[in-house]
Amino acid sequence: MVGKNERMWRLMLPATATVAILFPASAGGAGRPVPIAVLEGRGFGHGVGMAQDGAYWMGRSGASTKQILNQFYPGTRVARAGGEVRVAVLATTARDVVVEFPAGGEIRDARDGSQSPGFPVLLRAGSQAVLRFDGRAYSVDVGGGGRRASLSGRQVTLASSGQPAPGSSTTTTSTLPLIGNVGTVPTPTAPGPDPLTPPSVAPAPSTTTTVAPPAPRASLPTSARGLWAVPAGGGTVAVPARSQRYRGVVQVAGGGGSLRLVNHVDVEQYLRGMGEVRDPKWPAAALRAQAIAARTYALRAVSGGGELCDTQQCQVYLGAGAEYGAMDKAVSQTRGQVVMSGRRLAATVYSANGGGSSATTEEGFGTPGGGYPYLRPASYPTQDTFGWTVRVSLRDVGRRMGYRGTVTGVRVSAAGPSGRALQVTLQGGGGPRSYPGLDFRRALALRSTLFTAKVETAAVAPPPPPPADGGPAIQALPDQGGGEVVDGTATASSAGTAGAPAAAAEDRAEAGVSQVSRPVLAAVAWLLLIAVVGGLTTNRLGRRGPPPLP
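Since the structure is predicted, the reported quantities are computational estimates derived from the model, not experimental observations. Every residue gets a number counted from 1 within its own chain, in the order that chain's sequence is written. Given that the model is predicted, a residue must reach a pLDDT of at least 70 before its local features are reported, and side-chain atom pairs must reach 80 or more before they are shown or counted; all residues, however, enter totals for whole chains, interfaces and linings. To obtain the side-chain values, all non-hydrogen atoms of the structure were included, while hydrogens and water were left out.

S.K.: For this particular structure, what's the right way to read the overall build of the chain?
M.R.: Helices and strands together make up the secondary structure of the chain, namely 10 helices and 28 strands. For the chain, with 550 residues in total, the buried portion stands at 45%. The Shrake-Rupley method, run with a 1.4 Å probe, gives the accessible areas here. Residue values count only the displayed protein chains as cover. Put simply, the chain shows about 26000 Å² of open surface, and 55% of that area lies on carbon and sulfur atoms. Helix numbers and strand numbers start at the N terminus; a helix is a DSSP run of H or I with at least 4 residues, a strand a run of E with at least 2. A 1.4 Å probe rolled over the protein chains alone gives each residue an accessible area, and that area as a share of the maximum for its type sets the label: buried under 20%, exposed over 50%, partly exposed in between.

S.K.: Sorry, what's going on with helix α8 (residues 394-401) here?
M.R.: Helical periodicity: at 3.6 residues per turn, an α-helix aligns residues three or four positions apart in one direction. Most of α8 sits out of view: 7 of its 8 residues are buried. Three or more residues of α8 are buried, namely Leu394, Asp396, Val397, Gly398, Arg399, Arg400 and Met401. Once α8 finishes, Gly402 follows within two positions and takes phi at roughly 70 degrees, a positive value.

S.K.: For this particular structure, what's the right way to read empty space enclosed by the protein?
M.R.: Rolled over the atoms, a probe as big as a water molecule pinpoints where empty space is left. For each structure, a 1 Å grid was placed over the protein atoms alone; sets of points admitting a 1.4 Å probe that cannot get out are labelled cavities, open sets with protein on both sides within 12 Å along at least five of seven lines are labelled pockets, and lining residues have an atom within 4 Å of a point. Grid points are joined across faces, edges and corners, and a volume is the space filled by probe spheres set on the points. This structure, assessed with the given rule, holds 2 cavities of 30 Å³ or more. If you add up the space inside the largest cavity, you get close to 40 Å³. Surrounding the largest cavity, Leu271, Met274, Glu276, Val277, Gln290, Ala294 and Met327 form its lining. Per-class residue counts for the lining of the largest cavity are 5 nonpolar, 1 polar and 1 charged. Counted as a void, the second largest cavity has a volume near 30 Å³. Elements supplying a minimum of two residues to the lining of the second largest cavity: α7 (361-365) and α9 (437-444). Classification convention: Asp, Glu, Lys, Arg as charged; Ala, Val, Leu, Ile, Met, Phe, Trp, Tyr, Cys, Pro as nonpolar; all other residues, Gly among them, as polar.

S.K.: It is not clear to me how the sheet that holds strand β23 (residues 407-415) should be interpreted in this structure. Could you clarify?
M.R.: What links the strands of a sheet is backbone hydrogen bonding, and the strands pair in either a parallel or an antiparallel sense. With antiparallel pairing, 3 strands are arranged side by side in an open sheet as β23-β24-β25. Two strands close off the open sheet at either side, each with one partner strand: β23 and β25 (433-436). With strand direction ignored, the average angle separating the axes of adjacent strands in the sheet is 25 degrees. For two strands to pair, DSSP has to find at least two bridges joining them. Sheet topology places β23 next to strand β24 (residues 421-428); 7 bridges connect them, and they run antiparallel. Simply put, an axis is a line fit to the C-alpha atoms, just over the touching stretch for a helix, and the angle between two N-to-C directions goes from 0 to 180 degrees.

S.K.: What's the story with the state of the cysteines in this structure? I'm lost.
M.R.: One covalent bond between the sulfur atoms of two cysteine residues makes up a disulfide. Here, a disulfide means two cysteine sulfur atoms that sit within 2.5 Å of each other. Summed over all chains, the structure comprises 1 disulfide. Residue pairing for Cys309: its cysteine sulfur links by disulfide to Cys314, the two sulfurs lying 2.3 Å apart. In this structure, the disulfide formed by Cys309 and Cys314 twists by about 115 degrees around the S-S bond and is classed as right-handed.

S.K.: What is the right way to look at the pattern of salt bridges in this model?
M.R.: Think of it this way: side chains of opposite charge can pair up when their charged atoms draw near. Think of a salt bridge as a Lys or Arg side-chain nitrogen and an Asp or Glu carboxyl oxygen that are within 4 Å of each other. By the definition in use, this model includes 16 salt bridges. For Arg108, the salt bridge is made with Glu106, and the minimal N-O distance between the two is 2.5 Å. The partner of Arg442 in a salt bridge is Asp439, with the nearest N and O atoms 2.9 Å apart. Of this pair, Arg442 and Asp439 both sit in helix α9, separated by 3 residues, roughly a single helical turn. One salt-bridge network, held together by shared partners, links Arg247, Arg272, Glu323 and Asp328.

S.K.: For this particular structure, what's the right way to read the environment of Val87?
M.R.: Mapped onto the secondary structure, Val87 falls in strand β4 (residues 84-92). Relative accessible area serves as the criterion here: at 0%, Val87 is assigned to the buried category. Distance from Val87 to Gln315, taken between C-alpha atoms, is 9.8 Å for residues 228 residues apart in sequence. Contact definition: two residues touch when any of their heavy atoms are within 4.5 Å. Contact partners of Val87, with chain neighbours within four places excluded, come to Leu261, Val262, Asn263, Tyr270, Leu308, Cys309, Asp310 and Tyr317.

S.K.: Can you walk me through the nonpolar core in this structure?
M.R.: In terms of nonpolar packing, the biggest core is built from 82 residues, with Ile68, Val85, Ile107, Tyr270 and Leu308 touching the most fellow members. Per element, the largest residue contribution to this core is 13 residues, and it comes from helix α5 (residues 284-302). Ignoring sequence-local partners within four residues, the contact set of Val85 consists of Asn263, His264, Val265, Val267, Tyr270, Ala298, Leu299, Val302 and Leu308. Val397, Met401, Tyr403 and Val407 belong to the second largest nonpolar core, which has 20 residues in total. Only buried residues count toward a nonpolar core, which is a set of Ala, Val, Leu, Ile, Met, Phe, Trp, Tyr and Cys residues joined through side-chain atoms within 4.5 Å.

S.K.: When you look at the packing of aromatic side chains in this model, what are you seeing that I'm missing?
M.R.: Stacked, tilted and edge-to-face pairs are distinguished by plane angle, under 30 degrees for stacked and over 60 for edge-to-face with tilted covering the rest, among Phe, Tyr and Trp rings (Trp via its six-membered ring) whose centres lie within 6.5 Å. Within this structure, the stated rule accounts for 9 aromatic pairs. Residues Phe44 and Phe386 carry aromatic rings whose centres are separated by 5.7 Å and whose planes lie at 85 degrees to one another, so their mutual orientation is edge-to-face. In this pair, Phe44 sits in the loop between β1 (34-42) and β2 (50-51) while Phe386 sits in the loop between α7 and β22 (387-393), placing the two residues 342 residues apart along the sequence. By relative accessible area, which is 32% here, Phe386 ends up partly exposed. Ring centres of Tyr56 and Trp282 lie 5.7 Å apart, and the angle between their planes is 55 degrees; on these two criteria the pair is classed as tilted. Of this pair, Tyr56 sits in helix α2 (residues 52-60) while Trp282 sits in the loop between α4 (267-272) and α5, placing them 226 residues apart in sequence. With a relative accessible area of 15%, Trp282 lands in the buried category. Put simply, the rings of Tyr56, Trp57 and Trp282 pair up and form one aromatic cluster.

S.K.: Sorry if this is basic, but what is going on with the environment of Pro283 here?
M.R.: Structurally, Pro283 can be placed in the loop between α4 and α5. Sequence spacing of Pro283 and Met58 is 225 residues, and the spatial spacing of their C-alpha atoms is 8.8 Å. Those residues in contact with Pro283, other than ones at most four positions away along the chain, are Tyr56, Gly59 and Arg60.

S.K.: Explain the sheet that holds strand β19 (residues 337-341) here, please?
M.R.: A sheet is described by the order of its strands in space; here 3 strands give the open sequence β3-β19-β20, paired in antiparallel fashion. Among the strands making up the open sheet, the edge pair consists of β3 (77-80) and β20 (344-345). Here β3 pairs with β19 via 4 bridges, running antiparallel. Directly across from Arg80, in β19, lies its bridge partner Gln337. Across the sheet, α5 is in contact with β19 and β20; its angle to β19 comes to roughly 65 degrees.

S.K.: In this structure, what is going on with unusual backbone geometry? I would like to understand it.
M.R.: Generally, phi is negative for residues other than glycine and the peptide bonds are trans, each holding for most cases. With an omega of -5 degrees, the peptide bond running from Phe119 to Pro120 counts as cis. Note that Pro120 resides in the loop between β6 (105-108) and β7 (121-123). If you check the backbone angles, Ser243 has positive phi at about 55 degrees while not being a glycine. Position of Ser243 relative to the elements: it lies in the loop between β14 (237-239) and β15 (244-246). In this model, Ala445 sits at a positive phi of 55 degrees, which is unusual for a non-glycine residue. Residue position: Ala445 is located in the loop between α9 and β26 (451-458).

S.K.: Help me out: how do you make sense of α9 in this one?
M.R.: In terms of burial, α9 is largely enclosed, as 7 of its 8 residues are buried. One or two positions beyond α9, positive phi appears at Ala445, with a value near 55 degrees.

Everything listed here is a matter of geometry and, on its own, says nothing about what the molecule does.
Structure, rendered in structure tokens:
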């Protein structure tokens, strides 16, 4: 005869089984070791051409600028070149963008030559303009919705605060060089002198100044040709959306559902605003080598009519706010100097740290050969190879690489001359499958392809790697150009890893299960449990219960 307690537990077995099915033991639970891949590597970046750590340590040891360049670009020579570069600094799906003029300037609808009616739009120091594109035409709103004033009509007196004094009036017309379209000017958004007052003369408490009264909003000038923000007197154009200021001029171009800002600037001014090296303690020779390499890269990238991005996929460019004395001096001392290979500008790529050995273009970019004899593998002097270790579960490796089956092993199956992974092979239930080393790096967001791989076990699974979004941005060859800029963020120019989109979708699906489905399943399990217990209770009350247990 079945005891009461045993009978109760047998009645609960279906509910227990349901819970077990809905909430299986997680991989790597207590007592179950988790197989993981241990990736031990060196360096940061593609490793091709100049390694910035190498330039630094060579400079520290007394090497000259020429010696540094010869180390990383052997067989080249230094010549002279210059010109303007074009840098994409912002793209947005919004229909308008704000620009400011710290020292004044103007908005044109053609950089040079004739202007459409209503242009140029003149702005005083500290003024702001909203530039719009509706898909057909461009327009300018001076002041961004701030106070506007007409140059003609009844005059008023400004008190010391810059606001009209109560009951004031005058009989004279202002002769101040007020600026703004059709005689209007905005109030600056930042603290400073009133825009209706000459910069050199601030109104004293007892000073009366005559200006125009506020006027109705004027019609906005429009153009179908695009817009140009041109600062006055070699000043800058500020772009609040990027929190940056830019020398040169800024072109506003619309199309394809986006509004783009492109900074046209002389390459020498561009170099001053770069953010690749922002350390005044760098050896002077190393800074000069950086300036020459960056100048060459930029000029080669735009030589065919292209443009640069402002991120690591090209060269980091931050604008006038990044300028500092040591780099200014390096740019000035090397003015016009570029690296030449034969009669062409060299592809002077560089990375943060090569791990003690420069890479081939195949290792760094996946492009074997290609006419870059000066980009070759070679060891270089450094005191910091930037070692790193990444631990990731084999399950996550398989998911990120789109491997079908359970991964049981991972190894570097082909390496290049510098030791970087050209091919990584996964082994497991789906059979051996190989992937390009660059795809493996992108999928797992590794710092470089200079790594070894082995399999170990851990008591607990490591946290999954960062999202499979291409990993750290890597500079492209200047012939290939950089990534597209969207809302100030560069996106990879290649499609990346074939398995990455599927893995990302799987990540999202699992996240959905953990956040939504599992609570629902838990409720279902509890309902089943209640139903079983309820059946037992009603059976004891004499009602019909479940079939008798064997």
